[in-house]
Amino acid sequence: MSITASSSESTTITATMIKKIAKLFNSLSHQLLMPIVGILVFLIFWTATAQNIDTSLGKFPNPANVFQQFSSLYQEHVDERVKAEAFYERQEIRNSDRLAKDPNYPVKVRQYTGKETILDQIVTSLITVACGFITAAIIAIPLGIVLGLSKPINNALNPIIQIFKPVSPLAWLPLVTMVVSAVYVSPEPMIAKSFLNSMITVTLCCLWPMVINTSVGVVTMDQDLVNVSRVLRLPALKHVQKIVIPASIPMIFTGMRLSLGIAWMVLIAAEMLAQSPGLGKFVWDEFQNGSSESLSRIMAAVIIIGFIGFLLDRGMLQLQRFFSWDKSVILR
Amino acid sequence: MSNIILDISKIDMQFPTPDGPFTALKDVSLKIEEGEFVSLIGHSGCGKSTVLNIVAGLYQATLGGVALEGKEVNEPGPERAVVFQNHSLLPWLTAYQNVELAVDQVFSHANGNYKSKEETKEWIEYNLKLVHMDHAMHKRPDEISGGMKQRVGIARALAMQPKVLLMDEPFGALDALTRAHMQDSLMEIQNELNNTVIMITHDVDEAVLLSDRIVMMTNGPAATIGEILDINLERPRERLALASDIEYNRLRSEVLRFLYEKQRKVDHITKEEKISTKTSASVDGKVENNEAA
Ligand SMILES: Nc1ncnc2c1ncn2[C@@H]1O[C@H](COP(=O)(O)OP(=O)(O)OP(=O)(O)O)[C@@H](O)[C@H]1O
Ligand SMILES: [Mg+2]
């Protein structure tokens, strides 16, 4: 009797456990399994296609080649760091030797000028995009607020914005380059010109979505909130600070997210063309290099570029989630 | 006519429209005494909100003007606080912060009524308590119900210590039960503070229950004040006791007669009116209920 009872109990327990596991499996399959399947199918498709594409630099790289490149790119980075350290060590020994001989010897410390590895390029690219994007945001958000608040100013500037918005970064770049080299003349420039060129190009291209979205956010804000502000007789500055900016925060962030995506895309193109250090230059150099490994190295860079772009977007989304008061909007 | 606080004199209001100016109000005059509770009632679209917005200073009358304590008003200000129909709380601030924004603005050195930090806090909490919102002070608008939001809206307006409190269908968006609660709360507050109030309503019972005077407006365009009904029911008023009160029922049918006999909407339903049937349906629905009862 007791045995049957306990056994039936245990069967119900196992039954619920199976159900739970099935449920877990179900959610896992949606969250994990399907993406994995998608990636696998893509990899198979890629491998199959790559075999059939012959280029002057050999076959198009397949996933295995590219994967190999990741480790060799990393290895190159490590090697380069070792070399740099060795260089500094030698330099220090040399300098201290000379100092020992002659205490008045003016110590010279030279920078190591080795090849930039992909990690260096990533860091450079991230710094460039951050500078360009932040500059754009500092200009675009206040401008968007002014446009949203003042209809006459909006009417005056809207045509200009609409015309500049669709301009490709590649069209801006020559102009920017010429202007920078004309205006920015200093014998020992603190900031490299090539950096400025690509940064300003990024700024010019990612200005517009932020301006437009911010101004739309301000214009479409609830008229009742404006009336509240009027009844309270909030001074203009306080009105902007307490009502206008918070009310348009969701739209401001939408614009910022769009802009950051554009900024990252533009940056790679600008770096390629401007020959300014960064991931774009890495791609260009590999292309010029034309070795049998070039294509797989470029493909590795493509994946890195995509992945960083994805991370930037996610990061922006998290920021938006954090700052947006409008939690009812589903952000994806 | 002892101490008139608000004097609305000969107001005309024209809105510019694509097909020429549209006269919404024509020759509206009304004097309101201090401490008086006045309801504005009339069919949808007749121009009640327009009157209120002119008093608030949000609109400028085409002709005529409004004087508060003898001084002409032509811009909005906290001494004519408004409770909007759809609460209009700032969604990113808590109930407390919403009231705080108003209090910080109204009480300052510049206005000569500066409140210290503790005094400010006390005053905000006092006003939230008045509307029974002290338990959810630190919740944001999206975390509280419609009725609660409206309570906070009222607290915000009261905290400005307005000379005239303006309310545009403050309970229009609430269900009947919540509305009854809110009316009781409002009577309780009125009992304590004795504010001067102008309230727009679609609800005949609400008007009779709360008001000292009911101002009935004719249909637009060129709407004006049709009749004014004095409500001399004793205070405090009790909704249940009044239900069987002869005087109360006489006043109620007086308002109903004005709305549905004298100012009956006879014109054909045009496109414009189809849009506004949603609000007018609540009046009609109300009537059916009353007649059934
Ligand atoms: N800004 C405006 N421009 C043009 N016409 C307007 C404007 N505001 C109101 N009107 C018109 O004035 C008339 C009165 O409008 P109002 O909003 O004051 O009516 P109401 O009595 O408050 O109606 P409801 O009970 O539906 O709120 C309406 O016919 C409306 O179409
Ligand atoms: Mg109205």
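These lines cover the structure that appears in this document, whether it is placed above or below. Since the model is a prediction, treat every value here as computed from it, not as a measurement.

### Overview of the site of ligand 1
All names here are of chain B.
Alright, step 1. Within the structure, ligand 1 sits among 13 residues, and Ser-44, Gly-45, Lys-48, Ser-49 and Thr-50 are positioned closest to it.
Alright, step 2. In the model, an oxygen atom of ligand 1 is placed 2.8 Å from a nitrogen or oxygen of the Gly-45 main chain.
Alright, step 3. For the shell around ligand 1, the secondary-structure elements that each account for two or more residues are β2 (20–33) and α1 (48–56).
Alright, step 4. At 3 residues, α1 tops the list of elements feeding residues into the shell around ligand 1.
Alright, step 5. By residue class, the composition of the shell around ligand 1 is 5 nonpolar, 6 polar and 2 charged.

### Some thoughts on the sheet that holds strand β3 (residues 37–41) of chain B
Residues and elements named next belong to chain B.
Alright, step 1. Overall, mixed pairing links the 6 strands, which are arranged β6-β7-β8-β3-β9-β10 in an open sheet. At either margin of the open sheet sits one strand with a lone partner, and together these are β6 (82–83) and β10 (225–230).
Alright, step 2. Relative to strand β7 (residues 164–168), β6 runs parallel, the two being bridged by 2 bridges. Within β7, the residue paired with Val-83 across the bridge is Met-167.

### Notes on the packing of aromatic side chains
By convention here, two paired aromatic rings are described through the distance between centres and the angle between planes.
Alright, step 1. Taken as a whole, this structure holds 12 aromatic pairs over all chains when the rule is applied.
Alright, step 2. The interplanar angle of 35 degrees and the centroid separation of 6.1 Å between the aromatic rings of Phe-164 of chain A and Trp-208 of chain A together place this pair among those described as tilted. With Phe-164 of chain A in helix α4 (residues 151–164) and Trp-208 of chain A in helix α6 (residues 193–219), this residue pair connects regions lying 44 residues apart in the sequence.
Alright, step 3. Above the face of the Phe-107 of chain B ring, Lys-115 of chain B is positioned so that its terminal group lies 4.6 Å from the ring centre.

### Here's the deal with helix α2 (residues 63–101) of chain A
Alright, step 1. Taking 1.5 Å of rise per residue, the 39 residues of α2 of chain A would be expected to cover 57 Å, and the 57 Å separating its terminal C-alpha atoms lies within 8% of that figure.
Alright, step 2. For α2 of chain A, the set of buried residues is Pro-63, Val-66, Gln-69, Leu-73, His-77, Glu-80, Ala-84, Phe-87, Gln-91 and Asn-95 of chain A.

### Digging into helix α8 (residues 236–274) of chain A
Residue and element names in this part refer to chain A.
Alright, step 1. If you check α8, its first and last C-alpha atoms are just 44 Å apart, much less than what 39 residues at 1.5 Å a residue would give, namely 57 Å.
Alright, step 2. When the local axis directions of α8 are compared, the greatest deviation, roughly 55 degrees, occurs at Ile-249, which is followed within four positions by the proline Pro-250.
Alright, step 3. Looking one or two places after α8, you find Gln-275, whose phi comes out positive at around 55 degrees.

### Comments concerning the sheet that holds strand β1 (residues 4–17) of chain B
Residue and element names in this part refer to chain B.
Alright, step 1. The strand order across the open sheet built from 4 strands is β2-β1-β4-β5, with neighbouring strands paired in antiparallel fashion. For this open sheet the edge positions go to β2 and β5 (71–73), each flanked by a neighbour on one side alone. Across the sheet, the axes of successive neighbouring strands diverge by a mean angle of 35 degrees, strand direction being ignored.
Alright, step 2. Both strand β4 (residues 63–68) and β5 contribute to a ladder of 3 bridges, which runs antiparallel. When the bridges of β5 are listed, Ala-67 appears paired with Glu-72.

### Side note on the side chain of His-202 of chain B
Alright, step 1. Relative to the assigned elements, His-202 of chain B resides in the loop between β8 (196–201) and α6 (204–210).
Alright, step 2. Separated by 3.2 Å, the side chains of His-202 of chain B and Glu-169 of chain B make a polar contact.

### Concerning the pattern of salt bridges
Alright, step 1. Overall, the coordinates contain 23 salt bridges over all chains when judged by the stated rule.
Alright, step 2. Between Arg-233 of chain A and Glu-79 of chain B there is a salt bridge, with its nearest N and O atoms 3.8 Å apart. A residue pair is termed interchain when its members come from two chains, as with Arg-233 of chain A in the loop between α7 (223–232) and α8 and Glu-79 of chain B in the loop between β5 and β6.
Alright, step 3. The class for Glu-79 of chain B is buried, based on a relative accessible area of 19%.
Alright, step 4. For Glu-79 of chain B, the salt bridge identified is with Arg-80 of chain B, shortest N-O distance 2.8 Å. Comparing Glu-79 of chain B with Arg-80 of chain B shows no difference in burial state: the two are buried.
Alright, step 5. Connected through salt bridges with shared partners, the residues Arg-233 of chain A together with Glu-75, Glu-79 and Arg-80 of chain B form a single ionic network.

Thresholds applied
Residues numbered from 1 in each chain as written. Chains lettered and ligands numbered in written order. Predicted model: local features only at pLDDT ≥ 70, side-chain atom pairs only at ≥ 80, totals over all residues. Heavy atoms only, no water. Near = heavy atom within 4 Å. Polar contact = N/O pair within 3.5 Å; in protein donor to acceptor, adjacent residues only side chain to side chain. Helix = DSSP H or I, 4+ residues; strand = E, 2+ residues; numbered from the N terminus. Nonpolar A, V, L, I, M, F, W, Y, C, P; charged D, E, K, R; others polar. Pairing = 2+ DSSP bridges. Phe/Tyr/Trp six-rings, centres within 6.5 Å; stacked < 30°, edge-to-face > 60°. Lys NZ or Arg CZ within 6 Å of the ring centre and 35° of its normal. Expected span 1.5 Å × (residues − 1). Buried < 20%, exposed > 50% of the residue type's maximum accessible area, 1.4 Å probe, protein only. Bend = angle between axes of the 7 residues up to and from the residue. Axes fitted to C-alpha atoms, helices over the stretch in contact; angles between N-to-C directions. Salt bridge = Lys/Arg side-chain N within 4 Å of Asp/Glu carboxyl O.

None of this, on its own, says anything about what the molecule does.
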